[in-house]
Structure formats: structure tokens, C-alpha cells
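Observations on the three-dimensional arrangement
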Amino acid sequence: MVQSLPSEFYSDFLSATAKARKPSPIRGLYPLEARPGMISLLAGKPNSATFPLTSVQIKARSPTDPEQELTTEIAGKALAEGLQYGPTAGLPNLCEWIFGLQEREHGRKKGEGWRVSVGSGSQDVIHKAILALVNPGEPVLVESPVYAGILPTFESLNCEFVVVPTDSQGIKSSNLRSTLENWPASKPKPKVLYTVPYGGNPTGMTASKERRQEVLALAREHNFLILEDDPYYYLYFGSAPRPPSYFSLELEQPEVGRVIRFDSLSKILSSGLRIGFACGPEAIMNAIDMHTAVANLQTSSLTQAITFALLDSWGYDNFKAHTHTVSQFYKGKRDVFERLMKKHLDGLAQWDTPEAGMFFWFKLLLKSPGTEGTEEEDSESLIRTKALEKGVLALPGTVFLPDGGKTAYVRAAFSLLDEADVEEAIKRLREVVLEARGA
């Protein structure tokens, strides 16, 4: 029997903004419309008779045979649902499909202390979760380097970044423990930890099972919640079996409820569909949904209906087959990129081979061997000016450091380019490094 933390446990975690939100007086009553015999005068829903769409047809490659094209049609009740306002948390059919997926992938069953909230991409629900949990000026634990796209949300709250370093095995749990054990007694400890545990953006690192277990133990010991941002979960292509997620490993704890998981379909179905979802304790999902109800009402019903129609036509096994194909595609891209890095940047850069995702995180060796000086090298001006002048775009590592500072690291995406463009880009970077060395 899985034990989950009670809803009142989260009272100390919810932000003042989340506590002040009130349920939508209209959307909160939507479920009652389904009651037999109920005549609803409630919502200002447009009459579907005025909608011009009569069906939507989707053609997609077969997950098991790329040469075969499968057709799925959305019509009747499914289309009517997709064209109308819907539940704030997501269309029921899609939410049920996600419940089944999370049980298969992470061993988490419906009815065991968690539920689903569908968002307009995972960034949407992550942003709302942070606002639901963090008050202005509070400290937050963030891995470093960190996904740069999440920093503006924390910065808008004037948060104090408590940096937790990472390496190729993930968050350095020993550093995290030291930070928390030496925390000033007069100051409230951080309530949340943000991490991207598979194919981390920008580092490409995948956290080991042991590190995850250590972080989970610290979460219980020091009472913080883990925001598990996992858009690259299905883009794992390492040679070893994929480590279990925080959401899964939480089942080893005496009780569940300290992990809020964020998944994205952007990297495996379409980034333009803008479908992601959060899974976690009811109290946190309620706070996210109340934000959605006043911000954008709901995620697009039509894109949810399209997504569900495709996933339902495939089934879980074919979905798994598709994600495997996607991960192997990116493995091939990674292999090409690394082969050309070794060819042109050997001795001029250092890196750990990523086992998931779509990024290389590498350190430019801007000083010639034997050069004196211990000052930290800096890639920023080099990448923003010299590399740009030579016609290659990349991101300097400093944008991924929560506390700023110099770094010789660079992030490069390998998802789109063909081999010829990859080689040309790396050759141009080679010229930049050699010029910086004065060679």
C-alpha cells in the first residue's frame, strides 16, 4: 500500500499567491454539467452548431514501419470535445492515457496520491508550479549549470539562487547535503529543488540512480520538494539501462508526495502541439489549475484531442516503439557530432559524452599547454563575437550559471544539422580557439 503525504502537508509549501487564489466560479462548476438530468445555464460556451469544422484527419508515419502511413480521423463526439471549452486540468481521455503511461513507465498508479494537469507545453506547468510554491525573495535550490529558460521565472520573484553543482553523474548530493546541514538556523531552508535529470540542458548529463536516491533522502530529511523537469526522458540513448526517475524512485520512500514531475511531448511528437503535463500531489495540481483557470482557461482542446487521437490509435507499445526510434535518431546525431569534435577539436576542448538529449557541453581550452595563469577562462566574448563573425552560433556557458560568472564552457545543439554543416561549424570553432591561443 503506497502511503502519500496528506493534503495539509503542503500548506507550508504553497506561496501566498497560490493561497490567495480562489476557484473559478464558473469552471469550478463544470463537472456538475455531466450529472444526469442537469440542465445547465452556467457557462457562456459558444454553440457548436456555429463551428465550421466537421472533421480533422491526421496522417502519421507508423511507429513500426516508417514507410507506412496511418490515418486517424477526429469526428463526432471527439471533435465536439476538441472544439469546445474543456476541463482546466485537461481532456479526460488524454488524462486517463497519461495515467496509464505513468504506471507503465514509472510504476505510479492512479489513486495513489497524485494526479495529472495538462499544460501548453511543460514550460507552462513548470512556470505555474514555481509561482505556486515560491514567494518573492525566498531561496531556491537549482542545479548548476541550469536550463536557462527557467531562470526568468525565478528571477521575476527575486529568488535567492542556492547553487548545487553537477557533474556527469548528476547533482552532487554531497554538496547539497553540506549546504543544507550548514544552513543558518535563523533562516528558512529552501522549499524546492529544480533539476533536469536526463540529458540535462545544457550539460547533457543523466543523473545516476544512486545520486537520485541520495537527493530523495535529503528531500525527506530537509523537507523540500523536487521539481523533476524531464523533457528528455524519452531521448535517452545510453548503453546502460535508463536510471529510474525521481517519480519512480519515490516509491522506495516511506511516503510519496515530494516529487512534482514534468513531461513534454515536444521532443517526441511535435514542439508545435505545445502539450506537456505535470504529475504530482493533488494540492499542487489544484494550485496549478487555479492559475490556469485565470490565465488561459485551459490548454487548447483541439491540440489535446489531436494528441489523444494519435496516442490512442498507437497504443502504449507503439508509443514506446516510436520513442525508441526518436532516441536512436538523436544517438546518431550525437555520434556524428562527437566524431567531428574529436577530429577537429581534440586537444582544444574537453567534454563528457552525453547519453540523452540533444546538446554537447564542452570546455574550450583557450590557453596553450604550459601557459601560466590560473584565472578562469571565459568563452562569452569569444562565442558572441569571434565565432559569430566566422558564421557559427552557439551559447556561451555563462548564460546557464544561476549566479553568473566566467566559464570556458559552450553549449551546442546537435539536433538539426546534417553532417556537412556540423563539420563546417566545428572547423570554424577550431579557428576561433586557435586564434584565441595566438596560434
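It should be noted that the structure appears before, not after, this text.
Before going into details, it helps to say that this report is about the structure given with it.

The rules we used
Residues numbered from 1 in each chain as written. Predicted model: local features only at pLDDT ≥ 70, side-chain atom pairs only at ≥ 80, totals over all residues. Heavy atoms only, no water. Pairing = 2+ DSSP bridges. Helix = DSSP H or I, 4+ residues; strand = E, 2+ residues; numbered from the N terminus. Contact = heavy atoms within 4.5 Å. Axes fitted to C-alpha atoms, helices over the stretch in contact; angles between N-to-C directions. Salt bridge = Lys/Arg side-chain N within 4 Å of Asp/Glu carboxyl O. Buried < 20%, exposed > 50% of the residue type's maximum accessible area, 1.4 Å probe, protein only. Core = buried A, V, L, I, M, F, W, Y, C linked by side-chain atoms within 4.5 Å. Parallel < 35°, antiparallel > 145°, perpendicular 65-115°, else oblique. Left-handed = near helix turned anticlockwise from the far one by under 90°. Nonpolar A, V, L, I, M, F, W, Y, C, P; charged D, E, K, R; others polar. Right-handed = clockwise from strand over helix to strand, strands pointing away. Patch = residues over 30% accessible without salt bridge, like charges linked within 9 Å, V, L, I, M, F, W, Y side chains within 5 Å. Areas by Shrake-Rupley, 256 points an atom, 1.4 Å probe, with all protein chains shown as cover. Phe/Tyr/Trp six-rings, centres within 6.5 Å; stacked < 30°, edge-to-face > 60°.

Some thoughts on the sheet that holds strand β4 (residues 139–144)
- In space, the 8 strands of this open sheet follow the order β3-β10-β9-β8-β7-β4-β5-β6, with mixed pairing throughout. Each of the sheet's edge strands pairs with one partner strand only, and the pair in question is β3 (115–119) and β6 (170–171).
- Pairing of strand β5 (residues 160–167) with β6 involves 2 bridges; the strand directions are antiparallel. Across the sheet, residue D167 finds its bridge partner in β6, namely G170.
- Of the strands in this sheet, β3, β7 (192–195), β8 (225–229), β9 (259–264) and β10 (276–280) are in contact with helix α4 (residues 122–133), which crosses β9 at around 160°.
- The strands touched by helix α7 (residues 209–222) are β5, β6, β7, β8 and β9; relative to β8, the strand with the most contacts, the crossing angle is about 145°.

Observations concerning unusual backbone geometry
- The omega angle of the peptide bond from S144 to P145 is 0°, so this bond is cis rather than trans.
- The topology assignment puts P145 in the loop between β4 and α5 (151–156).
- Omega for the peptide link from N201 to P202 comes to 25°, which places this bond in the cis form.
- Among the structural elements, P202 can be located in the loop between β7 and α7.
- Positive phi, normally seen in glycine, also occurs at N223, with a value near 60°.
- Looking at the secondary structure, you find N223 in the loop between α7 and β8.
- In this structure, L297 takes a positive phi of about 70° despite not being glycine.

Some words on the pattern of salt bridges
- Enumeration over the complete set of coordinates arrives at 27 salt bridges.
- E105 is the salt-bridge partner of K320, the closest N and O atoms lying 2.8 Å from each other. Of this pair, K320 sits in helix α10 (residues 301–345) while E105 sits in helix α3 (residues 92–106); the two residues are 215 residues apart in sequence, bridging distant segments of the chain.
- With a closest N to O distance of 2.9 Å, E255 and R258 form a salt bridge. There is no split in this pair, since E255 and R258 are both buried.
- What emerges from the salt-bridge pattern is a single network uniting E228, D230, R261 and D263.

A closer look at the sheet that holds strand β14 (residues 409–413)
- Reading across from one edge, β11-β12-β14-β13 is the order of the 4 strands in this open sheet, with antiparallel pairing throughout. Both edges of this open sheet fall to β11 (349–351) and β13 (395–396), since each of them pairs with a single strand only.
- Of the strand pairs in this sheet, β13 and β14 are connected by 2 bridges, and their pairing is antiparallel. Bridging from a neighbouring strand, P396 pairs with V410 of β14.

Quick notes on the environment of P244
- With respect to the secondary-structure elements, P244 resides in the loop between β8 and α8 (246–249).
- When its relative accessible area of 26% is taken as the criterion, P244 is described as partly exposed.
- The residues touching P244, leaving out its near neighbours within four places in the chain, are Y198, K209, R212 and L249.

Let's talk about the nonpolar core
- Ranked by internal contacts, the top residues of the largest apolar core, which has 109 residues, are L133 and F362.
- Ranked by the residues each element gives to this core, the list is headed by α10, at 11 residues.
- Every residue in contact with F362, bar those within four places of it in the chain, is listed here: M341, A349, Q350, W351, A408, Y409, V410, A412 and L429.
- Counting 5 residues, the second largest nonpolar core, distinct from the first, contains V56, I74, L79 and A309.

A look at the packing of α3 against α10
- With their axes 10 Å apart at the nearest point, α3 and α10 run at an angle of 25° to one another. Judged by the inter-axis angle, α3 sits roughly parallel to α10. Once α3 is placed against α10, the crossing between them reads as left-handed. Counted together, N93, L94, E96, W97, G100, L101, R104 and E105 of α3 and Q304, T307, F308, L311, D312, G315, Y316, D317, F319 and K320 of α10 form the full contact between these two elements.
- Tallied by class, residues from the contact of α3 with α10 come to 7 nonpolar, 5 polar and 6 charged.

Notes on the pairing of β4
- The buried fraction of β4 amounts to 6 of the 6 residues, a majority that puts the element mostly inside the structure.
- Taking every second residue as pointing to the same face, both faces of β4 are buried, with P139, L141 and E143 on one and V140, V142 and S144 on the other.
- The parallel pair β4 and β5, bridged by α5, forms a crossover whose chirality is right-handed.
- Bridge count for β4 against β7 is 2 bridges, and the pairing is parallel. Across the sheet, V142 pairs through a bridge with Y194, a residue of β7.

A short note on a nonpolar patch on the surface
- Together, L29, L32 and M38 give the surface a local cluster of nonpolar side chains, amounting to about 240 Å² of exposed area.
- In this structure, L29 sits in the loop between α1 (16–20) and β1 (56–61).
- The class of L29 is partly exposed, set by a relative accessible area of 36%.

Topic: the packing of aromatic side chains
- This structure, assessed with the given rule, holds 19 aromatic pairs.
- Measuring from ring centre to ring centre gives 5.2 Å for F9 and F13, while their planes differ by 35°; the resulting arrangement is tilted. For the pair F9 and F13, a shared accessibility class is recorded, and that class is buried.
- Ring pairing ties together the aromatic residues W97, Y198, Y233, Y234, Y316 and F319, which thus form one cluster.

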